[in-house]
Amino acid sequence: MTPFHFTEGKLPLLVSIPHAGTQLTPEVDAGLSDAARGLPDTDWHIPLLYDFVRDMGASVLIGHYSRFVIDLNRPPDNQPLYSTATTGLYPETLFDGTPTFAPGKTPTAEQRQGYLDHIWHPYHQQIQQELARIKAQHGYALLFDAHSIASVIPRLFEGRLPDLNIGTNDGASCSSAVTTAIQDVCSAQTDYRWVINGRFKGGYITRAYGQPEQGVQAVQLELAQINYMDETPPFAWQQARAAQLQKVLKPLLQAFLQQGKA
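The structure reproduced in this document is the subject of the present report. Please read these numbers as outputs of a predicted model, since none were measured by experiment.

Thoughts on the overall build of the chain
Thinking step 1. A count of helices and strands for the chain gives seven helices and seven strands.
Thinking step 2. Helices (α) and strands (β) of the chain occur, in sequence order from the N terminus, as β-β-α-α-α-β-α-β-β-α-β-α-β-α.
Thinking step 3. Computed over its C-alpha atoms, the radius of gyration of the chain comes to 18 Å, within 12% of the 18 Å expected for a compact globule of 262 residues.
Thinking step 4. Put simply, the chain has 262 residues, and 54% of those count as buried.
Thinking step 5. Counting contacts in the chain only where the partners sit at least 6 residues apart, residues at least 24 apart contribute 78% of the total.
Thinking step 6. When the accessible surface of the chain is totalled, it reaches about 11,000 Å², and 51% of it is carbon and sulfur.
Thinking step 7. Across the chain, the mean location of the 19 positive side-chain charges is 4 Å away from that of the 25 negative side-chain charges.

Next up, the structure:
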């Protein structure tokens, strides 16, 4: 199976969806713990939630493999992104701290090197190629990294997570004009709680490629899943909730497009 699905668009915008994949390698499939078997830390339904960006004309990149194989939003050297609890390039635990693999069933270092070579690197090469193509065509490029997570995970954060968690690497991955435009969209609505650079400031993708001084701006959005799906198995899509959330997501992306020109 190819490591990703890519659709080229006409806008100066690439939407990256690295954590919606559910494909497993044979050794990961054989080694998962009972708690991990249902792939609970997946960004469920995010391609469907953001399907409207195709009609807008954005390019879309979707990872096929589960983060339990390799996490596309972590650095290749596996250095931690946060000083607080997190998961790594090859997650050894679930978000709640439960082991990802049964005892003695963790993939080997050689197998994991293969995941890095054949899954992680191709995804990032596609990001780089598409941002370069967009920049050559438009003079600048915008990268929107789309994520979601359960709204309550005590190991990672206290209480319930805000509904919209915007990450700009503390302002380093995009211009102040982009941040202000996104903030204005969030402030104009009253249905969802939001925060900029709270618990989630942007993962490796946002931090690595957001270089506004070089004409590439990046923003991550971590959504609380309760606003568009059920957070318990089988993690069902909830159309009415999703449609309501899209009424904010669409103007947010439009604001990014309007203010993102370097």
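Let us keep going from here.
Looking at the packing of aromatic side chains
Each aromatic ring pair is specified by the distance between its two centres and by the angle formed by the two planes.
Thinking step 1. For the structure shown, the criterion picks out eight aromatic pairs.
Thinking step 2. Ring-pair connections join several aromatic residues into one group, and the members of that group are Y50, F52, F144 and F256.
Thinking step 3. The ring of F200 carries the charged tip of R199 above its face, separated from the ring centre by 5.1 Å.

Side note on the nonpolar core
Side chains of a nonpolar character, in soluble globular proteins, are inclined to be buried together.
Thinking step 1. Among the nonpolar cores identified, the biggest contains 73 residues, and L13, Y50 and F144 are the most heavily contacted of them.
Thinking step 2. Per-element accounting of this core gives the leading share, nine residues, to helix α7 (residues 239-259).
Thinking step 3. Leaving out residues up to four positions away in the same chain, F144 has contacts with L13, L14, V15, S16, Y50, V219, L221, L252, L253 and F256.
Thinking step 4. The next biggest cluster of nonpolar side chains, apart from the first, holds eight residues, and it includes I149, A150, I153 and L161.

A look at the packing of helix α5 (residues 176-188) against α7
Thinking step 1. The contact between α5 and α7 brings their axes to 9 Å, and the two run at 155°. One element, α5, and the other, α7, form an angle in the roughly antiparallel class. The way α5 lies across α7 gives a crossing that is right-handed. Contacts between α5 and α7 involve A177, V178, A181, I182, V185 and C186 from the first element and V248, P251, L252, A255, F256 and Q259 from the second.
Thinking step 2. Along the lines of polarity and charge, the residues of the contact of α5 with α7 split into 11 nonpolar, one polar and no charged.

Digging into the pattern of salt bridges
Thinking step 1. Per the counting criterion, the structure on display carries 11 salt bridges.
Thinking step 2. Measuring nitrogen to oxygen at the nearest pair gives 3.2 Å for the salt bridge that ties R54 to D51.
Thinking step 3. The exposure class of R54 is partly exposed, given its relative accessible area of 32%.
Thinking step 4. Residue classification places D51 among the partly exposed positions, given a relative accessible area of 36%.
Thinking step 5. Two residues, E130 and R133, come together in a salt bridge whose shortest N-O distance is 2.7 Å.

Structural notes on the sheet that holds strand β7 (residues 216-224)
Sheet strands pair via backbone hydrogen bonds, and the direction of the pair is either parallel or antiparallel.
Thinking step 1. Reading across from one edge, β1-β3-β2-β4-β7-β5-β6 is the order of the seven strands in this open sheet, with mixed pairing throughout. With one partner strand each, in any of the chains shown, β1 (4-7) and β6 (194-196) form the two edges of the open sheet. Neighbour to neighbour, the strand axes of the sheet diverge by 15° on average, direction disregarded.
Thinking step 2. Where strand β5 (residues 164-167) meets β7, four bridges bridge the pair, whose relative direction is antiparallel. In the sheet register, G167 faces β7, and the bridge partner there is Q220.

Analysis parameters
Residues numbered from 1 in each chain as written. Predicted model: local features only at pLDDT ≥ 70, side-chain atom pairs only at ≥ 80, totals over all residues. Heavy atoms only, no water. Helix = DSSP H or I, 4+ residues; strand = E, 2+ residues; numbered from the N terminus. Rg over C-alpha atoms; globule rule 2.2 N^0.38 Å. Buried < 20%, exposed > 50% of the residue type's maximum accessible area, 1.4 Å probe, protein only. Contact = heavy atoms within 4.5 Å. Areas by Shrake-Rupley, 256 points an atom, 1.4 Å probe, with all protein chains shown as cover. Lys, Arg positive; Asp, Glu negative; His and termini not counted. Charge placed at Lys NZ, Arg CZ, Asp CG, Glu CD. Phe/Tyr/Trp six-rings, centres within 6.5 Å; stacked < 30°, edge-to-face > 60°. Lys NZ or Arg CZ within 6 Å of the ring centre and 35° of its normal. Core = buried A, V, L, I, M, F, W, Y, C linked by side-chain atoms within 4.5 Å. Axes fitted to C-alpha atoms, helices over the stretch in contact; angles between N-to-C directions. Parallel < 35°, antiparallel > 145°, perpendicular 65-115°, else oblique. Left-handed = near helix turned anticlockwise from the far one by under 90°. Nonpolar A, V, L, I, M, F, W, Y, C, P; charged D, E, K, R; others polar. Salt bridge = Lys/Arg side-chain N within 4 Å of Asp/Glu carboxyl O. Pairing = 2+ DSSP bridges.

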